[in-house]
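# Results of the structural survey
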4 protein chains.
Amino acid sequence: MTDLRAAALDALAQQTIELPSWGFGNSGTRFKVFGQPGVARDPYEKLEDAAQVHKHTGAAPRVSLHIPWDRVDDYGKLAAHARDLGVRIGAINSNLFQDDDYRLGSLTHPDEAVRRKAIDHHAECVEVMRQTGSTDLKLWLPDGTNYAGQDDLRARQDRLADSLQQVYALLEPGMRLLLEYKFFEPYFYATDIPDWGTSLLHCLALGDQATVVLDTGHHAPGTNIEFIVMQLLRVGRLGAFDFNSRNYADDDLIVGSADPFQLFRIMNEIVAQGAHRPESKVNFMLDQCHNLEKKIPGQIRSVMNVQEATAKALLVDREALATAQRGGEVLDAHGILMDAYSTDVRPLLAQLRESQGLDADPYAAYARSGHQERIERERVGGQQAGWGA
Amino acid sequence: MTDLRAAALDALAQQTIELPSWGFGNSGTRFKVFGQPGVARDPYEKLEDAAQVHKHTGAAPRVSLHIPWDRVDDYGKLAAHARDLGVRIGAINSNLFQDDDYRLGSLTHPDEAVRRKAIDHHAECVEVMRQTGSTDLKLWLPDGTNYAGQDDLRARQDRLADSLQQVYALLEPGMRLLLEYKFFEPYFYATDIPDWGTSLLHCLALGDQATVVLDTGHHAPGTNIEFIVMQLLRVGRLGAFDFNSRNYADDDLIVGSADPFQLFRIMNEIVAQGAHRPESKVNFMLDQCHNLEKKIPGQIRSVMNVQEATAKALLVDREALATAQRGGEVLDAHGILMDAYSTDVRPLLAQLRESQGLDADPYAAYARSGHQERIERERVGGQQAGWGA
Amino acid sequence: MTDLRAAALDALAQQTIELPSWGFGNSGTRFKVFGQPGVARDPYEKLEDAAQVHKHTGAAPRVSLHIPWDRVDDYGKLAAHARDLGVRIGAINSNLFQDDDYRLGSLTHPDEAVRRKAIDHHAECVEVMRQTGSTDLKLWLPDGTNYAGQDDLRARQDRLADSLQQVYALLEPGMRLLLEYKFFEPYFYATDIPDWGTSLLHCLALGDQATVVLDTGHHAPGTNIEFIVMQLLRVGRLGAFDFNSRNYADDDLIVGSADPFQLFRIMNEIVAQGAHRPESKVNFMLDQCHNLEKKIPGQIRSVMNVQEATAKALLVDREALATAQRGGEVLDAHGILMDAYSTDVRPLLAQLRESQGLDADPYAAYARSGHQERIERERVGGQQAGWGA
Amino acid sequence: MTDLRAAALDALAQQTIELPSWGFGNSGTRFKVFGQPGVARDPYEKLEDAAQVHKHTGAAPRVSLHIPWDRVDDYGKLAAHARDLGVRIGAINSNLFQDDDYRLGSLTHPDEAVRRKAIDHHAECVEVMRQTGSTDLKLWLPDGTNYAGQDDLRARQDRLADSLQQVYALLEPGMRLLLEYKFFEPYFYATDIPDWGTSLLHCLALGDQATVVLDTGHHAPGTNIEFIVMQLLRVGRLGAFDFNSRNYADDDLIVGSADPFQLFRIMNEIVAQGAHRPESKVNFMLDQCHNLEKKIPGQIRSVMNVQEATAKALLVDREALATAQRGGEVLDAHGILMDAYSTDVRPLLAQLRESQGLDADPYAAYARSGHQERIERERVGGQQAGWGA
């Protein structure tokens, strides 16, 4: 057990979690976006807030951007700003859902001109990647239909394959396409990439630089997500996670808040296949909204939740587990896994943080830091960042 | 069968479906609201559009209002405008989700001052009822929490009971409170009125003027909705429907578009208990969004879908059905119901409309009427109505 | 915190969990029942196995019986056998699903003679209660239909109300009717008591001796079960739990194995309202199948899981929680709850057991006890108990 | 429209639906199997009953066998018996769930000897194929686990891939492997082939003779099944359907009884890609249980339901639909599809049957035929066929 703890500390010290810039802007539901005092007003302020999360956790050194929400005149300057704050730019997210032209689809649209526009948008994103040093282009395709018969499902799929090929052709060596799937929303009859199978089929057709993004909120009720993690790792195509929690739909709650055991089981498959190590290239990203709670503490809590789940997964006694599994000892094998889950890993993580010169409790440290009061005081006037901003 | 058809025509002639004013404004998802040319810019224009639906279907003589979206200076004038257009004001909907004060709840809020504000809002709604001749106060409680522990579920329920009592006390004789439940959204951990049981418990505590609203999109996956219809009728507390369709969450699609057989089964329970008759006081309302499709034709199609489902339910041979059920003839009984469902009732409804001096096909008649072109041409400038308007 | 731990130990010492006799017989799915060596062959042996669970956990002093599976000639003798083993007879479960006459229903059957038979069966159960000293009559109504139209939903409900009244009339003072609901299975179109609302309506109509049973596996996907617990406590009608775990349907897995956080949230509502105390009369029962794992260790693990969830709920700092909730501090309030959940309570429970003269680890103690080897060796020949036995 | 009807008649005349031998034996739930008078007692009698379905519908000329349920001494004789009755042997189904050795898995079992046994069972099935002239080997893998940690998900997948390769190697040219997936049951934590993506991955690894079976009851709630149909057709790997209906889990109800509009949408994707034609090699099979209703009429009703859904799909005005879709006319496009669905196709199918010398109403014709009375009278004694038989 001592050895497991030492190895866990080692692995945890290398684990990084990527933050979403949009997690620091206002968000909400179709019914209401509640504003909050001190919320960032531009990409520079979002990076400042993200840097606070890294400062206190030591585990969140990258920030995803979303284009056009994070459009700036000078991306080199933005990247330098990030570096000055101790973080760097992560994945670049394209946006295929906020233009009036996309009412009936983007990369799948019946009209070639609309598809062209959607493809060209990715050229802009790749240019942002070049200027910021990003290597991951993340593409969530929101396309879908609301009514049976509204469009031809097969034709949409064929147009999608064609469009994706053109997007893929924009990539330079060393760049990856991260292709996300989602069960439903913003359309409610059919979604054009609704499941991992569809995403994977397109990735396989595109080539080695295309991998699947698994958003933990994008599945049908009851789906065993850790199985999909295992399967995508098995075929070498798990590119990234979008972490968050769901109880019902794509609720975008704080990761680990709705079902911490599920997060543990996911990290257990990751650790079992060694995919927690940086060389696996799996990008562990957060994709969350903080509709009610404060943004920065919400992200800090999220990073801590991923760390705790990872720590527990690292404490699984895999030798004993394999023995029990081979022997068909159902209860023993389950019990060995549960022993790790039942462990209180907060002291272990406190130890890690203190060894890194950090406060043992990032959440409390941030609360004491005065940053929240400062931004609430200083960020007055202007337009707070949000999904439409 | 001839007799059934004659009786069906008779019943269909008396059936009315209430339209939502907000169905004629822009709507969308949290990701995007797509605007449409010609969309109404104020409550007067919404009524004009709603009147078109009634003009062509002959079955939609009432329009629900939503306060504050439909706030005007002079409600008497608005009601007169409706009468001039051949329709009248139906239920008044309160709004408990669009004020910054309601971030943590409205009628359930921990702070008494916020609860007071939410209760007072209903006094305004009751005043609108008085001035417009409306008898139904519809209350959908959006309150809920996003995280376990965020608030005390029991305390919220007790505060809700207290607030509802104060709202109920505002009602005059002849007025009803319609209390809606919803499985989830806009909150994602716990909803304070999540199911028909909770809504009914509060109605029973309030008194005879309180009844339940069943929104067909507000249930967990797999819920047998017609069972709930039956149960609420059985205890005399089904006040109204909010009709729409769902495949996943509260999708608010056109009623009958996702599962027409379900709509038929619902109307079958209604007809079996005689609740389709006006004296039952069940208010058949639409509550839909038309995010992609045109508003007025979307509502026309919806009214037609309800009519078709009702017509099929009226054609069920209930005598034969009862005999087969009593005899335990499973396949025969099921077959008798399916015979009615398999019937093409469009000719029957065409006959009904022609007997009323209407076009046999309301959808086509509207398309030919020129109204759509006129509003797209004339309604330029100003702010289109929408959820935030 | 010291005070919370002391109070928790006190409360845990009083907590009891009731075991199901059928959990010690063979069980399975419609596809296969896998037999296991040493499984009990009659009610006497089931009691012996149940007594093992109590011997090692000290928390399981009652055993539910199921009639006819546990029919014996002399119930007084069976009860005495239980007492000799250190346990006693708990709830008596009736069976309305294993007679050919019940193909189309039992208490709801169209034929009065079948309903009579089903009612009379409860007279037998009440007689067993008298002879064994049981006070709880548990009634799960499996009735339902497979096809729309197969039977009249309303008529079935009315017949049910009438039958239940006759069953209720059989009760003596001090006896309770525990009425269970279930989302679906063994019928797949409509279930006659599908939700807590229906069960509660019937209980309210019957009288004070009727209460609801909440089986944790009997809900639609996504249902917030702790909300229902809160609501039933609020109206004073939560009679009992049937504890188990589900991922999909009524999977009947070990309680706490699929979603330990859900079990904690349920126990948190229980503790918040003081319903963990014996005087609340809430009966905490297990209702599980052990299809793959050994029966006795499976039940021991289950009892331990309920104890751990209860212990965590008892460690919630309710004063701090209430303060954070009143202040609208979303993340703080959630964090206070999670702090209790993150605590490793196994040492606390070990302390409890040792103070009671028990081994700190009941699972390991049973494994060492030799009982399993003894029953596998001795129980040879005869028919193992099972659902049909 | 006349042309569409003529073409539809032509296509319907070529459509065939395969019957499951086990649909003519007793079946039920884990709670109870209700026996019925006259149920077949051996494979020969099952074929006689299946032949009745074909006799009256003219559309069900093949019968799937299930090994070992349909084991006989002389398969040549059984095939000849089928031919004499006017039908022939269809797919051969293997059984991996009814042996005590399979408690922890079959093709995925940790123990090589158990895997070997499961592989060898397919050699027997291929031998039955040779002797009966069957070309389809259908493999549903029931394997899964009940508890997290019980076994290693990845190792199971690797063992599965290896086992499947050995099964695949048994196939002769012209034989196909049909690989089925299922969301859950008989295991409740993880299923080893839970979705179409996993099934397809294995088929792609195996080779061209491996295709996916889509059972309409084997998906998560809310899954858009017609999308999967489209996708599997697009990649050329839809081998067969297992048709049935579900409301909740794998309910195995009569196809088209729970959601006839879904069945229509599925057949619409089939017809849109021409896959209804015999040369597509898609095998349209029923896989149903008739727990409450009579077996032969239940199968007749099912065949009729598939025919009606197909007829409606054939009546879709695809030219008008494509125009509306290209033009982005959401409501028009949806309306064109719904027009076909709203059509009463029973007269068209009556016409088809009469042109084939059949009664217009197969269900009524069977009822009049006296077969049911004869088998209820004659099949006395012996053991009725069932899942364990």
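Everything below is about the structure shown above.
What this report covers is the structure whose coordinates are included nearby. Per chain, the residues get numbers from 1 upward, laid out in the order the sequence is written. The naming scheme follows written order: chains are lettered A onward, ligands numbered 1 onward. Local features in a predicted model are, by the rule used here, given only for residues with pLDDT of at least 70; side-chain atom pairs are given and counted only at 80 or more, and totals for whole chains, interfaces and linings are based on all residues. Values reported for side chains reflect all heavy atoms of the structure, with hydrogen atoms and water molecules removed beforehand.

What sets the superposition is a least-squares fit of C-alpha atoms, and only residues with pLDDT of at least 70 in both copies go into it. Of the transformation superimposing chain A on chain D, the axial component is 0.0 Å and the angular component is 180 degrees, with the fit at an RMSD of 0.0 Å. Interpreted geometrically, this transformation is the action of a two-fold axis. Ranked by how close their C-alpha atoms come to the rotation axis, the residues of chain A are headed by Gly197 of chain A, at 2.2 Å. Of the interface residues in chain A, 100% have counterparts in chain D that sit at the interface too, so the contact is made through matching surfaces. Pairs of residues are marked as contacts when any of their non-hydrogen atoms sit within 4.5 Å.

Overlaying chain A with chain B gives an RMSD of 0.0 Å, the required rotation being 180 degrees about an axis along which the chain moves by 0.0 Å. Of the interface residues in chain A, 98% have counterparts in chain B that sit at the interface too, so the contact is made through matching surfaces.

It is worth spelling out helix H14 (residues 371–378) of chain D at this point. All names here are of chain D. Each residue's exposure class comes from its accessible area (1.4 Å probe, protein chains only) as a fraction of the maximum for that residue type: buried when under 20%, exposed when over 50%, partly exposed otherwise. The way it works is that DSSP assigns letters per residue, a run of H or I at least four long becomes a helix, a run of E at least two long becomes a strand, and they are numbered from the N terminus. Buried residues of H14: His371, Gln372 and Ile375, and no others. The buried residues of H14 occupy an angular sector of 100 degrees when the element is viewed end-on, so they sit on one face. Buried positions along H14 lie against helix H2 (43–57), helix H9 (295–314) and helix H13 (362–369). As used here, the arc is the angular range of directions from the helix axis to the C-beta atoms.

Now for unusual backbone geometry. Here the amide bond leading from Glu185 of chain B into Pro186 of chain B is cis, since omega sits at 10 degrees, within 30 degrees of zero. Along the chain, Pro186 of chain B turns up in the loop between strand E6 (176–180) and strand E7 (190–191). Residues other than glycine seldom take positive phi values, yet Lys281 of chain A does so here, at roughly 65 degrees. Note on placement: Lys281 of chain A falls in the loop between helix H8 (260–272) and strand E10 (283–286).

As a further point, take the pairing of strand E10 (residues 283–286) of chain C. Residues and elements named next belong to chain C. Going residue by residue along E10, you find Asn283 and Met285 tucked away on one face and Phe284 and Leu286 tucked away on the opposite face as well. One bridge is not enough; two strands pair if DSSP finds at least two bridges between them. Taken together, the four bridges between strand E9 (residues 238–243) and E10 define a ladder with parallel strand orientation. Residue pairing for E10: Phe243 is matched across the bridge by Leu286. For a crossover, the right-handed case is the one in which the path from the first strand over the helix to the second runs clockwise, viewed with the strands pointing away from the viewer. Considered for its hand, the β-α-β crossover made up of E9, helix H8 (residues 260–272) and E10 is right-handed.

This part is about the pattern of salt bridges. The salt bridge criterion pairs a side-chain nitrogen of Lys or Arg with a carboxyl oxygen of Asp or Glu, the two atoms within 4 Å. Evaluation of the coordinates by the stated rule reveals 132 salt bridges over all chains. Across the pair Arg30 of chain A and Glu185 of chain B runs a salt bridge, and its minimum N-O distance is 2.9 Å. One end of the pair, Arg30 of chain A, is in the loop between strand E1 (18–20) and helix H2 (43–57); the other, Glu185 of chain B, is in the loop between E6 and E7, on a second chain. By relative accessible area, which is 16% here, Arg30 of chain A ends up buried. Put simply, Arg379 of chain D and Asp49 of chain D hold a salt bridge, and the shortest N to O gap is 2.8 Å. Linking Arg379 of chain D in the segment after H14 with Asp49 of chain D in helix H2, this pair joins segments that are 330 residues apart in sequence. The exposure classification of Arg379 of chain D matches that of Asp49 of chain D, with both residues buried. Each of the salt bridges in this network shares a partner with another, and the network as a whole consists of Arg30 of chain A together with Lys182, Glu185, Asp250 and Asp252 of chain B.

Turning to the state of the cysteines, a few remarks are in order. Think of a disulfide as a covalent bridge from one cysteine sulfur atom to another cysteine sulfur atom. The disulfide criterion is simple: two cysteine sulfur atoms within 2.5 Å. Overall, the coordinates contain zero disulfides over all chains when judged by the stated rule. Cysteine Cys289 of chain B remains unbridged, with the sulfur of Cys125 of chain B as its closest cysteine sulfur at 19 Å. The thiol sulfur of Cys203 of chain D is not disulfide-bonded, and the nearest other cysteine sulfur, from Cys125 of chain D, lies at 17 Å. You can call Cys203 of chain D buried: its relative accessible area is 0%.

Residues and elements named next belong to chain D. Running from N to C, helix H8 (residues 260–272) and H9 point in directions that differ by 55 degrees, and their axes come no closer than 8 Å. Viewed along their axes, H8 and H9 adopt a mutual orientation that is oblique. For the pair H8 and H9, the crossing hand works out as right-handed. Judged by residue contacts, Leu263, Phe264, Met267, Asn268 and Val271 of H8 engage Asn305, Val306, Ala309, Thr310, Lys312, Ala313 and Leu314 from H9. Its residues assigned to classes, the contact of H8 with H9 comprises eight nonpolar, three polar and one charged. Working convention: axes come from line fits to C-alpha atoms, limited for helices to the stretch in contact. Angles between N-to-C directions cover 0 to 180 degrees. Relative orientations are named as follows: roughly parallel for angles under 35 degrees, roughly antiparallel for angles over 145 degrees, roughly perpendicular for angles from 65 to 115 degrees, and oblique for any other angle. Each crossing gets its handedness from the near helix: less than a right angle anticlockwise from the far helix is left-handed, clockwise is right-handed. Think of it as three bins: nonpolar holds Ala, Val, Leu, Ile, Met, Phe, Trp, Tyr, Cys and Pro, charged holds Asp, Glu, Lys and Arg, and polar takes everything else, Gly as well.

Facing the 50 residues of chain A at the interface are 50 residues of chain D. Once two parts are brought into contact, the accessible area they lose, counted with a 1.4 Å probe and summed over both, makes up the buried area. Together chain A and chain D conceal approximately 3900 Å² of surface at their shared face, both sides included; 64% is due to carbon and sulfur atoms. Viewed at the interface, chain D and chain A are joined by two salt bridges. Arg234 of chain D is the partner of Asp158 of chain A in a salt bridge, and the nearest nitrogen-oxygen pair spans 2.9 Å. Elements represented by at least two residues in the side of chain A that touches chain D include exactly helix H5 (153–168), strand E7 (190–191), helix H6 (196–206), helix H7 (225–234), H8, helix H10 (318–326) and helix H11 (330–342) of chain A.

Right, let's get into helix H2 (residues 43–57) of chain B. Residues and elements named next belong to chain B. Over its 15 residues, H2 extends 21 Å from the first C-alpha to the last, a length consistent with the 21 Å expected when each residue adds 1.5 Å. In terms of burial, H2 is a largely internal element, 13 of the 15 residues being buried. Each polar contact in these results corresponds to two N or O atoms within 3.5 Å; when the atoms are within protein, one needs to be able to donate a hydrogen and the other to accept it, and residues that are neighboring in sequence are counted only if both atoms are side-chain atoms. The residue sitting at the N-terminus of H2 and contributing the capping side-chain oxygen is Asp42; that oxygen lies 3.0 Å from the backbone nitrogen of Tyr44. Two residues or fewer past H2, Gly58 is found with a positive phi of approximately 70 degrees. Here a helix's expected span is defined as the number of its residues, less one, multiplied by 1.5 Å.

Attention shifts here to the environment of Gly25 of chain B. Residues and elements named next belong to chain B. Tracing the chain through its elements places Gly25 in the loop between strand E1 (18–20) and H2. Taking relative accessible area as the criterion, Gly25 reaches 3% and is therefore assigned buried. The sequence separation of Gly25 and Gly35 amounts to 10 residues, and the corresponding C-alpha distance is 9.0 Å. With sequence-adjacent residues up to four places away left out, Gly25 is seen in contact with Val39, Lys295 and Ala385.

Right, let's talk about the environment of Asp359 of chain C for a bit. All names here are of chain C. Inspection of the secondary structure puts Asp359 in the loop between helix H12 (346–355) and helix H13 (362–369). Between the C-alpha atom of Asp359 and that of Lys55, which follows or precedes it by 304 residues, the distance is 9.9 Å. If sequence neighbours within four positions are ignored, Asp359 has contacts with Arg353, Ala365 and Arg368. Only 2.8 Å separates the side chain of Asp359 from the backbone nitrogen of Asp361, close enough to count as a polar contact. At 2.7 Å, the side chain of Asp359 and the side chain of Arg368 are in polar contact.

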